[in-house]
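Chains, contacts and geometry: an overview
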Amino acid sequence: MKTEILTVDYNDPQLNKAIFSKAAKVINTGGLVAFPTETVYGLGANALDGEAVKKIYEAKGRPSDNPLIAHISGFEQLLPLVKEINENAKKLMKAFMPGPITLVFKKTDVIPMQTSGGLDTVAIRYPENRTAQEFITACGVPIAAPSANTSGKPSPTRASHVEFDLSGKIDMIIDGGSCEFGLESTIVDVSGSVPCLLRPGSITLEMLKEIVPDIKVDGAVLGALKDGEKPKAPGMKYTHYSPDANVTIVRGDIEHTVAEINRLLGENTDKVCGVVATEETKDKYDTENILVIGSRKHPETIAANLFKMLRKCDYKGYEAVFIEGFPESELGLAIMNRLKKAAGYNIIEL
Ligand code: TXA
Ligand code: MG
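As the structure is a prediction and not an experimental result, all values here were calculated from the model.

Bringing the overall build of the protein into the picture now. From N to C terminus, the protein includes ten helices and 16 strands. What you see for the protein is a C-alpha radius of gyration of 20 Å, in line with the 20 Å of a compact globule of 350 residues. Principal-axis analysis of the C-alpha atoms places the extent of the protein at approximately 60 × 45 × 40 Å. Burial statistics for the protein: of 350 residues in total, 57% are counted as buried. Within the protein, residue pairs in contact and separated by at least 24 positions form 68% of the contacts whose partners lie at least 6 positions apart. Carbon together with sulfur atoms contributes 51% to the accessible area of the protein, which is approximately 14800 Å² in total. The average position of the 40 basic charges and that of the 46 acidic charges among the side chains of the protein differ by 4 Å.

Below, the structure written as structure tokens:
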């Protein structure tokens, strides 16, 4: 299959109109279109068409018990998909939608089991990215979309990442530039009486608590699951975001972190090693192989660059990568959640 790549241009409304109508035709005939959102690129299919959704799992190599998020471009699209919208859900929708959040509801039969991965709930996201909204609106159906990466690899934050992973396996990629937030959406389960954070993201736990103070946090958010323990978001149990390299996170105060990483570099001279450093530390390492993820003063930049850096580790052929850790408050919770998974929970606490 040839994958067509179409670049939107907001100075050229005619071009965009043609792109969205072409993309809608692909979706409405059961095909796959990758599209940008403010979090990461998604790989979309008609969420109401079980056969189309099956193709997503094939293209990504994704286990079929891992449910997909249904994307909407207006609240009126939500009503047929969910059984009830309780008070907590209403509050979170009012505060954060459209935006980088996903809410899990009890589903109706309109959602096929291929989309919900066999669960009786459905995850709903209303992205705020303009291209995402115009694409979904043109399609006229909710769009089931996981991140548009090969299963297990870092999520794509640029069209070129999608092309690298999925070219030849999907019909179309809409290139809308790089993603603003760069981490996948915050997921909150609102299907029960107490909301529960399933995946941390750019809408932080602190921000959620201001709206729903009694929110719980699923065990999978902070650390690896113990044997036999089941995460509420099935996707959290799979290996994620891993570069081919062996990844180690080192966390402590800056001085000790740098010293420990330099010690590890000295211990691993038989391998091609890289360091994912920050603006504050980039000149302090005994290697040329430095990727700068951003400044510790700007966690948003670190979040936006994170997946690009993990991909770069592969493109550069690093065999061992040492990454500086961050405090787990505010956006740091989501950053560390992704880093810990990339490292397979291989973390040195100083
Ligand atoms: O920002 C995002 O959320 C991106 C963009 C494209 O919207 N999408 C994304 O999808 O990250 P994906 O498939 O890579 O991650 C979705 C996560 C998985 O961990 C999945 O298990 C969980 O959401 N999930 C989906 N439906 C669920 C449900 N009904 N109950 C609990 N977890 C669910
Ligand atoms: Mg994903």
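Attention shifts here to the site of ligand 1. Around ligand 1, a shell composed of 29 residues is seen, among which Thr39, Asn66, His71, Ser185 and Gly235 lie nearest. In this structure, Thr121 approaches ligand 1 through a side-chain N or O atom, which is 3.0 Å from a nitrogen atom. When isolated, ligand 1 has an accessible area of 680 Å², and the protein chains bury 97% of it. Where the shell around ligand 1 is concerned, the elements lending two or more residues are strand E4 (69–71), strand E6 (121–125) and strand E10 (196–199). Broken down by element, the shell around ligand 1 gets its largest block of residues, four residues, from E6. Of the residues that constitute the shell around ligand 1, the class distribution is 16 nonpolar, eight polar and five charged.

The five strands are arranged E14-E13-E15-E12-E16 in an open sheet whose pairing can be described as parallel. Only two strands of the sheet have a single neighbouring strand rather than two, namely strand E14 (290–292) and strand E16 (347–349). Mean inter-strand twist for the sheet, computed between neighbouring axes without regard to direction, equals 20°. Direction of pairing for strand E13 (residues 273–277) relative to strand E15 (residues 320–324): parallel, over a ladder of four bridges. In the sheet register, Val276 faces E15, and the bridge partner there is Ile323. Those strands touched by helix H9 (residues 299–315) are E13, E14 and E15, and its axis lies near 160° from that of E14. Packing against the sheet, helix H10 (residues 331–342) makes contact with strand E12 (246–251), E15 and E16, and its axis sits at approximately 140° to E12.

Before going further, it helps to spend a moment on the domain arrangement of the protein. Splitting the protein by domain gives domain 1 (4–221) and domain 2 (246–349). Each of domain 1 and domain 2 has a C-alpha centre, and the two are 29 Å apart. Across the boundary between the two partners, domain 1 contributes 27 residues, which contact 17 residues of domain 2. Note on domain 1 versus domain 2: buried area summed over both sides is about 1700 Å², and carbon and sulfur give 58% of it.

For the rest of this paragraph, the subject is the pairing of E10. Consecutive residues of a regular strand have side chains that alternate between opposite faces of the sheet. Pairing geometry for strand E9 (residues 186–189) and E10, over three bridges, is antiparallel. Bridging from a neighbouring strand, Val188 pairs with Leu197 of E10. Adjacent in sequence and paired antiparallel, E9 and E10 are bridged by six residues. Inspection of the sheet shows E10 paired to strand E11 (residues 216–217) by two bridges, in the parallel sense. Bridging across to E11, Cys196 finds its partner in Lys216. With helix H7 (residues 205–211) bridging E10 and its parallel neighbour E11, the resulting β-α-β unit is right-handed.

Here we come to the pairing of strand E8 (residues 172–175). Across four bridges, strand E1 (residues 4–7) lies against E8 in parallel orientation. In the sheet register, Ile5 faces E8, and the bridge partner there is Ile173.

This part covers the layout of surface pockets. Here the second largest pocket is characterised by a volume of approximately 200 Å³. As for the second largest pocket, its lining consists of Arg296, Pro299, Glu300, Ile302, Phe326, Pro327, Ser329, Glu330, Leu331, Gly332 and Ile335. Looking at the lining of the second largest pocket, the elements that each hand over two or more residues are H9 and H10. When the residues that make up the lining of the second largest pocket are grouped by side-chain class, the tally is six nonpolar, two polar and three charged.

Once that is clear, we can look at the sheet that holds E1. Spatially, eleven strands are ordered E1-E8-E2-E3-E7-E4-E6-E5-E9-E10-E11 in an open sheet, and the strand pairing comes out mixed. Two strands bound the open sheet, and with one partner strand each, they are E1 and E11. Helix-sheet contacts for helix H1 (residues 13–28) involve E1, strand E2 (33–35), strand E3 (42–46), strand E7 (143–145) and E8, and the interaxial angle to E8 is about 150°. Contacts from helix H3 (residues 87–96) reach strand E5 (101–106) and E9, with the element oriented near 155° to E5.

On to the pattern of salt bridges, then. Taken as a whole and judged by the stated rule, the model has 17 salt bridges. The residue Lys22 makes a salt bridge to Glu4 at a minimum N-O spacing of 2.7 Å. Residue Lys22 is located in helix H1, and its partner Glu4 is located in strand E1; the two are separated by 18 residues in the primary sequence. Accessibility expressed as a relative area gives 29% for Glu4, which makes it partly exposed. The closest approach of N and O atoms between Arg263 and Glu260, which form a salt bridge, is 2.9 Å. Taken together, the residues Arg263 and Glu260, both in helix H8 (residues 254–267) and three residues apart, mark about one turn of the helix. Here Arg263 falls in the partly exposed class, since its relative accessible area comes to 42%. Given a relative accessible area of 14%, Glu260 falls into the buried group. Through salt bridges with shared partners, a single network forms among Arg251, Glu328, Lys340 and Glu349.

Definitions and limits used
- Residues numbered from 1 in each chain as written.
- Chains lettered and ligands numbered in written order.
- Predicted model: local features only at pLDDT ≥ 70, side-chain atom pairs only at ≥ 80, totals over all residues.
- Heavy atoms only, no water.
- Helix = DSSP H or I, 4+ residues; strand = E, 2+ residues; numbered from the N terminus.
- Rg over C-alpha atoms; globule rule 2.2 N^0.38 Å.
- Buried < 20%, exposed > 50% of the residue type's maximum accessible area, 1.4 Å probe, protein only.
- Contact = heavy atoms within 4.5 Å.
- Areas by Shrake-Rupley, 256 points an atom, 1.4 Å probe, with all protein chains shown as cover.
- Lys, Arg positive; Asp, Glu negative; His and termini not counted.
- Charge placed at Lys NZ, Arg CZ, Asp CG, Glu CD.
- Near = heavy atom within 4 Å.
- Polar contact = N/O pair within 3.5 Å; in protein donor to acceptor, adjacent residues only side chain to side chain.
- Nonpolar A, V, L, I, M, F, W, Y, C, P; charged D, E, K, R; others polar.
- Pairing = 2+ DSSP bridges.
- Axes fitted to C-alpha atoms, helices over the stretch in contact; angles between N-to-C directions.
- Domains from an automatic or database assignment.
- Buried area = accessible area lost by both parts, 1.4 Å probe.
- Right-handed = clockwise from strand over helix to strand, strands pointing away.
- 1 Å grid on protein atoms, 1.4 Å probe; cavity = no way out; pocket = protein on both sides within 12 Å on 5 of 7 lines; lining within 4 Å.
- Points joined across faces, edges and corners; volume = space filled by probe spheres on them.
- Salt bridge = Lys/Arg side-chain N within 4 Å of Asp/Glu carboxyl O.

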